[in-house]
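Single-letter residue listing:
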Amino acid sequence: MEAMIPALIASIVGYSVFGVWGGWEPLFTTPPGLAFTSPPQLFYYVLLGIVCGFVGKLYARGFSGISSLFQRIPLPRWIKPGIGGLCIGLICMAVPQVMGTGYGWVQVSMWSSGLLSLPLWIILILPFAKIVTTGLSIGSGGSGGIFGPGIVIGGMLGALVWRLCYHVLPALPAMPAPFIIVGMMALFGSITHAPLGVMLIAAEMTNNLSILAPAMIAVSIATVLVGDTTIFVSQLPTRADSPAHQLQFSFPLLSTLVVQQAMSPLKLSFTPEQTLIEAEMLLREKTESGAPVIGQDGQLQGVLMREDIHLLSQEERTTLQVKDAVNPAVLMISPDDKLDEALEKLSSKRIDWAPVVEVEGFVNMNSAIGVLSVSDIIRTYREMLTKSPHHIRSVVDGTIMLETTMEPSMQLVGRPLREARLPEETLVVSMPFFSKRLVKKPLGETEPLIHLLPDEIR
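Because the structure is a prediction, the values reported are computed rather than measured.

A.B. asks: What should I look at first to understand the layout of surface pockets in this one?
C.D. replies: To find leftover empty space, a probe the size of one water molecule is rolled over the atoms. Here the second largest pocket is characterised by a volume of approximately 640 Å³. Around the second largest pocket, the lining is made up of 19 residues, and of these Tyr15, Leu200, Ile201, Glu204 and Met205 lie nearest the centre. Classifying every residue of the lining of the second largest pocket gives 12 nonpolar, 5 polar and 2 charged.

Pasting the structure below:
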């Protein structure tokens, strides 16, 4: 979702530039009057969705299988595309219709007269031959894409279903174009796990939005049948598996807490006029790795680290001042930032702490009000987990927080957690264990002895 706004802006700019240069006509020309007006036809689109689901799975697995086969061949990489090209050439000698993008055959099939004029064996074999040649072309190391072949395979599957049902089943659309358009959406939308996006793309390619209603049925069925299979081998199953969101999903409670709740007050700071030898002595005395440098106006000037001082000679430390060694390019954290965002910033910079600054006025005056360290974040996480576990109830959409007291009669008592047979998506956040002495205390005074973090319990 973070990419949605820039993607929309980039899309409309790219579309406008292309339209000015190449015209505004759609890629495929379709017959008029394709609007969905017959509810009984939904049964045909259910059938089309089933066909696209199974063939889509074949396309994704066949593509990855051929790619894996070429990777295992013990030959130089520059020879493998030649082998793939030779195999494609042999296939094209038997089925010349598989050459090129295949968009022409889809365009011809949009009209009933064009589709009925094609031999049935071409319509039957073209989608599957396209699957093989696409795998051979890209899997062998050659150049190309999977979007165009996916659109052609889906479109020709729609044409095949219409052709086989023509004059056999009642209430069939008079033109094959609706089946072709929905076939594009159902096959490629399901194997890319982007059904809504592909539906809009195919609608734009054909300049026809009236088929979206029956397309929802076919795309949904094809997506269910495809399941976890995807044409993109690097596609992650969920956002929780994304490195960019790993911290957010591993520690969901952090997304409900702000920096101001975890930061520590300024225990040590320097002025620009202090000598480096004095600053070094203070850092050694306070056992700190560094401290903020604050000017006379109270504004943050940067950070002075102990390693920055050690880079200088003993004579330079005696004569130079803090302002001569301060690092102005420092990570600054706002007190209103979420703790998961702050932890991600610290980890990406590979630092243990950063000053917390408050922006004042319209001139962006940065006033240091504290520091935030990784240990502060973990400490606050544990404290909030102990005192108020209810914070987790609404941190992630679609999740439910359950709390229960373990009674001696329950089956989970005394058994390892791996034998609990909890649902796969269950995340055990905290398991407090109380001794008899603590249980006898009044409610509210008991303190958990053990807390298991999500990474530890997994």
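A.B. asks: Just to check I follow, could you spell out the pairing of strand S2 (residues 300-305) for this structure?
C.D. replies: In the case of a regular strand, side chains alternate between the two sheet surfaces. Extensive coverage of S2 is indicated by the burial of 5 of its 6 residues. Alignment of strand S1 (residues 290-294) against S2, held across 5 bridges, turns out to be antiparallel. Within S2, the position partnered with valine 293 by the bridge is glycine 302. Between S1 and S2, which pair antiparallel in sequence order, lie 5 residues; one of them, glycine 298, sits at a positive phi of approximately 85°.

A.B. asks: What should I look at first to understand the environment of leucine 27 in this one?
C.D. replies: Note on placement: leucine 27 falls in the loop between helix H1 (4-22) and helix H2 (42-72). Spatially, the C-alpha atoms of leucine 27 and threonine 206 are 6.3 Å apart, while their sequence positions differ by 179 residues. Those residues within four positions of leucine 27 in sequence are excluded, and the remaining contacts are Tyr103, Gln107 and Met205.

A.B. asks: Sorry if this is basic, but what is going on with the packing of H2 against helix H7 (residues 147-165) here?
C.D. replies: Two packed helices can be described by the angle between their axes and the distance between those axes. Two numbers describe how H2 lies on H7: the axes approach to 10 Å, and their chain directions differ by 140°. Our classification of the angle between H2 and H7 gives oblique. Every pair of crossing elements has a handedness; the one defined by H2 and H7 is right-handed. Residues Leu47, Leu48, Val51, Cys52, Val55 and Tyr59 of H2 form the contact with H7, whose own contacting residues are Pro149, Gly150, Ile153, Leu157, Gly158, Val161 and Cys165. Of the residues that constitute the contact of H2 with H7, the class distribution is 11 nonpolar, 2 polar and no charged.

A.B. asks: I keep staring at the confidence of the model for the protein chain and nothing clicks. Help me out?
C.D. replies: Regions with low pLDDT should not have their predicted coordinates read in detail. Across the protein chain, the average pLDDT comes to 83, with 85% of residues at 70 or higher. The least confident element of the protein chain, judged by mean pLDDT, is helix H17 (residues 436-439) at 37; the most confident is helix H8 (residues 177-191) at 95. Confidence drops under a pLDDT of 50 for residues 389-395, and excluding neighbours within four residues, the segment shows 17 contacts in the predicted structure. Segment residues 434-458 is flagged for pLDDT under 50; beyond a separation of four residues in sequence, or across chains, it makes 43 contacts in the model.

A.B. asks: Hey, could you run me through the side chain of arginine 317 in this one?
C.D. replies: By secondary structure assignment, the location of arginine 317 is in helix H14 (residues 314-319). The class for arginine 317 is buried, based on a relative accessible area of 12%. From its side chain, arginine 317 meets the backbone oxygen of isoleucine 309 in a polar contact 3.3 Å long. When neighbours within four sequence positions are excluded, arginine 317 is seen to be in contact with Leu276, Ile277, Glu280, Ile309, His310 and Leu312.

A.B. asks: What am I meant to see in H1 here?
C.D. replies: Three or four residues apart is the spacing at which side chains of an α-helix point the same way, because the helix has 3.6 residues per turn. The terminal C-alpha atoms of H1, which comprises 19 residues, lie 26 Å apart, in line with the 27 Å expected from a rise of 1.5 Å per residue. Where H1 terminates, the next one or two residues include glycine 23, which has phi positive at roughly 95°.

A.B. asks: How should the packing of aromatic side chains be read in this particular structure?
C.D. replies: Any two aromatic rings considered together are summarised by their centre-to-centre distance and by the angle between their planes. Under the criterion given, the structure shown has 5 aromatic pairs. Taken together, a centroid distance of 5.4 Å and an interplanar angle of 70° make the contact between tyrosine 15 and tryptophan 24 edge-to-face. Taking relative accessible area as the criterion, tyrosine 15 reaches 39% and is therefore assigned partly exposed. Ring geometry for phenylalanine 28 and tyrosine 103: centres 5.4 Å apart, planes at 80°, overall edge-to-face. Remark: tyrosine 103 occurs in helix H4 (residues 103-109) and phenylalanine 28 occurs in the loop between H1 and H2; sequence separation between them is 75 residues.

A.B. asks: I tried to follow a nonpolar patch on the surface on my own but got confused; where do I start?
C.D. replies: Taken together, the side chains of Met1, Met4, Ile5, Leu8, Ile9, Ile12, Val13, Tyr15, Val17, Val20 and Trp24 define a hydrophobic patch exposed on the protein surface, amounting to about 1,200 Å² of accessible area. Among the structural elements, valine 13 can be located in helix H1. A relative accessible area of 48% places valine 13 in the partly exposed class.

A.B. asks: Please clarify how the pattern of salt bridges should be interpreted in this entry.
C.D. replies: Any two side chains of opposite charge can pair, given that their charged atoms come close. For the coordinates displayed, the defined rule picks out 5 salt bridges. Here arginine 284 and glutamate 280 are joined by a salt bridge, their closest N and O atoms 3.3 Å apart. Within this pair, arginine 284 and its partner glutamate 280 are both found in helix H12 (residues 276-286), separated by 4 residues, close to a single helical turn. We note a salt bridge from aspartate 376 to arginine 379, for which the minimum N-O separation is 3.4 Å. Taken together, the positions of aspartate 376 and arginine 379, both in helix H16 (residues 374-387) and 3 residues apart, correspond to about one turn of that helix. Residue class for arginine 379 comes out partly exposed when judged on its relative accessible area of 35%.

Basis of the calculations
Residues numbered from 1 in each chain as written. Predicted model: local features only at pLDDT ≥ 70, side-chain atom pairs only at ≥ 80, totals over all residues. Heavy atoms only, no water. 1 Å grid on protein atoms, 1.4 Å probe; cavity = no way out; pocket = protein on both sides within 12 Å on 5 of 7 lines; lining within 4 Å. Points joined across faces, edges and corners; volume = space filled by probe spheres on them. Nonpolar A, V, L, I, M, F, W, Y, C, P; charged D, E, K, R; others polar. Buried < 20%, exposed > 50% of the residue type's maximum accessible area, 1.4 Å probe, protein only. Helix = DSSP H or I, 4+ residues; strand = E, 2+ residues; numbered from the N terminus. Pairing = 2+ DSSP bridges. Contact = heavy atoms within 4.5 Å. Axes fitted to C-alpha atoms, helices over the stretch in contact; angles between N-to-C directions. Parallel < 35°, antiparallel > 145°, perpendicular 65-115°, else oblique. Left-handed = near helix turned anticlockwise from the far one by under 90°. pLDDT = per-residue confidence, 0-100. Polar contact = N/O pair within 3.5 Å; in protein donor to acceptor, adjacent residues only side chain to side chain. Expected span 1.5 Å × (residues − 1). Phe/Tyr/Trp six-rings, centres within 6.5 Å; stacked < 30°, edge-to-face > 60°. Patch = residues over 30% accessible without salt bridge, like charges linked within 9 Å, V, L, I, M, F, W, Y side chains within 5 Å. Areas by Shrake-Rupley, 256 points an atom, 1.4 Å probe, with all protein chains shown as cover. Salt bridge = Lys/Arg side-chain N within 4 Å of Asp/Glu carboxyl O.

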